[in-house]
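What follows is each chain in one-letter form.
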Amino acid sequence: MGMTMAEKIIAKASNKLAVKPGDFVWANINTAMMDDLLGPRVVIADQIKKLGNTVWDKEKVVIISDHYSPAANITQAEILQFTRNWASEYGIGKYYEGLGPCHQVLAEKGFDIPGSLMVGTDSHTTTAGAFGCFGTGIGSTEMLGVLVSGQIWLRVPESILFTWNGKLQSGVFAKDIILRTIKEIGQAGATYKVMEFAGNAIENLTVDERMTITNMAVEAGAKTGLIAPDEKVFAYLSAIGAQRGDPQYSDPDAIYSERYSFDASKLVPQIALPHEVDKVVDVSEAEGEVIHQAYLGSCTNGRFDDLAQAAKILKGKKVHPRVRFLVSAASRSIYHQAITTGIIETLSDAGAMILAPSCGACLGLHSGILARGERAISSTNRNFVGRMGHKESDLFLGSPASVAATAIEGKIADPRKYL
Ligand SMILES: CC(C)[C@H](C(=O)O)[C@@H](O)C(=O)O
Ligand code: SF4
């Protein structure tokens, strides 16, 4: 009986020839990532002292300060200081701060290795699946167990196959694919399952765009999201001098718990309405909703392709006077690329406020906080009550192109008219 790529990755990590959904295994971890919010400061620093006071393999632990960086107050500054000092005390050389959200840094630093098993103290560790790396979010207590043992006790998840074929029309992007997929199954539709994406519409996406899709797999409850690694992924990895890994592919006779097929050519821009990520409608049903703030950034859609798409729409135009348009590239190197190609100049000329590469605005920790009654559109992945500020503020989710078109009109707008 065939296996899915997820089953093969877990079998390899647990030194077994084969596993099947429902099996319990002890899997060896290739990369353990901690961020500043749920990393050493929570449980770990305290308890590891009683468990040997060292990590199992200093080379396999990565710590990335991204939620509180740059600090917006003394408490945040002290959290950063604690995290930085803990990394140094425990000999963790792979410590990054101020480079941007952890999932983008992991990709750019070559940790998203095809066929490997990654855990992180952030739910969007699923992003690594764009490289065929099984990445999943775990809690701080579980991370403590991984740090001292190098293993995780795992129940092999079932896989759902989502096949997207056909050519996306202009103005429709990866974000619209994942929002439409989540609409189909709901925000709990993939709970403890793997979302595997295939089809020529997925193959035609850049690696940047694939990361948007696997990033949001957790918004449907998924254990991880996976896309088979191909030449685009290997070119990305070789360009950054990263290993090619041991890529795994689903067998033709692999068993899936469910299968869904979509025609990408029929997809139109999608908008998630407040306050649920699966409350997704065609943009025509949200058009005209008044907006006070537009945010372009995050580990979901803050990459070079995303900024470039927004700049294409905003070139020579001005942001609506009511709208605060905030931009935060998902990494410092993206900023460098976007500056040298004139994209930041275009966005700034249109009226963008350029923020640091950070999680900050995405989850209302600092910068871009919404007041009561304010409404925003964002290229991020969550729109829970109070996500970006006051509990009586509203958050719509869309693609970078939808964010840019909305910023121009001051109300939810269809980006296709600008392309
Ligand atoms: C703060 C962290 C625990 C959380 C996550 O795990 O996703 C955050 O990154 C988010 O996007 O809500
Ligand atoms: S979703 Fe937002 S807060 Fe969470 S890791 Fe990504 S950028 Fe940071």
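Everything numeric in this text was worked out from a predicted model, so none of it was measured. (Residues numbered from 1 in each chain as written. Chains lettered and ligands numbered in written order. Predicted model: local features only at pLDDT ≥ 70, side-chain atom pairs only at ≥ 80, totals over all residues. Heavy atoms only, no water.)

Colleague: Is there a simple way to think about empty space enclosed by the protein in this case?
Modeller: A water-sized probe, rolled over the atoms, reveals where empty space remains. Across all of its chains, the model carries one cavity of 30 Å³ or more by this definition. Looking at the largest cavity, the residues that line it are His275, Leu370, Asn383, Phe384, Gly386, Arg387, Met388, Ser393, Asp394 and Leu395. (1 Å grid on protein atoms, 1.4 Å probe; cavity = no way out; pocket = protein on both sides within 12 Å on 5 of 7 lines; lining within 4 Å. Points joined across faces, edges and corners; volume = space filled by probe spheres on them.)

Colleague: Quick question: what am I supposed to make of the UniProt feature "binding site: [4Fe-4S] cluster" (unreviewed entry) in the protein here?
Modeller: UniProt's entry tags Cys299, Cys359 and Cys362 with the feature "binding site: [4Fe-4S] cluster" (unreviewed entry), counted in the numbering of this structure. Of the residues just listed, which span 64 residues, no C-alpha pair is farther apart than 9.1 Å, and they cluster in one region. Inspection of the secondary structure puts Cys299 in helix H10 (residues 298-301). Classification of Cys299 as buried rests on a relative accessible area of 9%. (UniProt positions renumbered as here; feature names shortened; annotations may be inferred. Helix = DSSP H or I, 4+ residues; strand = E, 2+ residues; numbered from the N terminus. Buried < 20%, exposed > 50% of the residue type's maximum accessible area, 1.4 Å probe, protein only.)

Colleague: Help me understand the site of ligand 1 in this model?
Modeller: As a structural note, the neighbourhood of ligand 1 is formed by Leu37, Leu38, His67, Asp122, Ser123, His124, Arg382 and Arg387. At 2.5 Å from an oxygen atom of ligand 1 is found a side-chain nitrogen or oxygen belonging to Asp122. Side-chain polar atom of Arg387 to an oxygen atom of ligand 1: 2.8 Å apart, as the coordinates give it. (Near = heavy atom within 4 Å. Polar contact = N/O pair within 3.5 Å; in protein donor to acceptor, adjacent residues only side chain to side chain.)

Colleague: What exactly am I supposed to notice about the site of ligand 2 here?
Modeller: Neighbouring ligand 2 are the residues His67, Pro101, His103, Asp122, His124, Ser298, Cys299, Cys359, Cys362, Leu363, Asn381 and Arg387. Shared between two domains, the shell around ligand 2 holds at least three residues of each, these being domain 1 (5-262) and domain 2 (271-418). (Domains from an automatic or database assignment.)

Colleague: What should I look at first to understand the sheet that holds strand S6 (residues 134-137) in this one?
Modeller: Sheet strands pair via backbone hydrogen bonds, and the direction of the pair is either parallel or antiparallel. With parallel pairing, the five strands of this open sheet are ordered in space as S4-S3-S2-S5-S6. The sheet terminates laterally at strand S4 (95-97) and S6, the two strands that pair on one side only. Neighbour to neighbour, the strand axes of the sheet diverge by 20 degrees on average, direction disregarded. As judged from the three bridges shared by strand S3 (residues 61-65) and S4, these two strands associate in the parallel manner. Residue Ile64 lies in a different strand from S4, and its bridge partner there is Tyr96. (Pairing = 2+ DSSP bridges. Axes fitted to C-alpha atoms, helices over the stretch in contact; angles between N-to-C directions.)

Colleague: Any chance you could explain a nonpolar patch on the surface here in plain terms?
Modeller: On the surface, Phe24, Trp26 and Trp153 cluster together to form a nonpolar patch covering roughly 410 Å² of accessible area. Tracing the chain through its elements places Phe24 in strand S1 (residues 24-28). (Patch = residues over 30% accessible without salt bridge, like charges linked within 9 Å, V, L, I, M, F, W, Y side chains within 5 Å. Areas by Shrake-Rupley, 256 points an atom, 1.4 Å probe, with all protein chains shown as cover. Salt bridge = Lys/Arg side-chain N within 4 Å of Asp/Glu carboxyl O.)

Colleague: Got a minute to help me understand the packing of aromatic side chains in this structure?
Modeller: Aromatic ring pairs: the centre-centre distance and the angle between the two ring planes describe each pair. Overall, the coordinates contain seven aromatic pairs when judged by the stated rule. Pairing Phe24 with Trp153 gives two aromatic rings, centres 5.0 Å apart and planes at 20 degrees, and the pair type is stacked. Here Trp153 lies in strand S7 (residues 151-155) and Phe24 lies in strand S1, a separation of 129 residues in the sequence. Overall, Trp153 belongs to the exposed group, its relative accessible area being 51%. Consider the rings of Phe162 and Tyr260, whose centres lie 5.3 Å apart with planes at 10 degrees: the pair is stacked. With Phe162 in strand S8 (residues 158-165) and Tyr260 in strand S11 (residues 258-263), the pair connects residues that are 98 residues apart, well separated along the chain. By relative accessible area, Tyr260 is classed as partly exposed at 22%. One cation-aromatic arrangement involves Arg155 over Tyr192; the distance from NZ or CZ to the ring centre is 4.3 Å. Of note, Arg244 hangs over the ring of Phe234, and the distance from its end group to the ring centre comes to 3.8 Å. (Phe/Tyr/Trp six-rings, centres within 6.5 Å; stacked < 30°, edge-to-face > 60°. Lys NZ or Arg CZ within 6 Å of the ring centre and 35° of its normal.)

Colleague: How should I be thinking about the sheet that holds S8 in this particular structure?
Modeller: The sheet built from four strands is open, its strands ordered S10-S9-S8-S11 with parallel pairing. Both outer strands of the open sheet, strand S10 (224-227) and S11, are each paired with one neighbouring strand and no more. Averaged over all pairs of adjacent strands, the angle between strand axes in this sheet comes to 20 degrees, irrespective of strand direction. Across six bridges, the pairing between S8 and strand S9 (residues 193-198) is parallel. Residue pairing across strands places Ser159 opposite Val194, the latter belonging to S9. The strands that helix H1 (residues 5-13) touches are S8, S9 and S10; relative to S10, the one it contacts most, it runs at about 105 degrees. (Contact = heavy atoms within 4.5 Å.)

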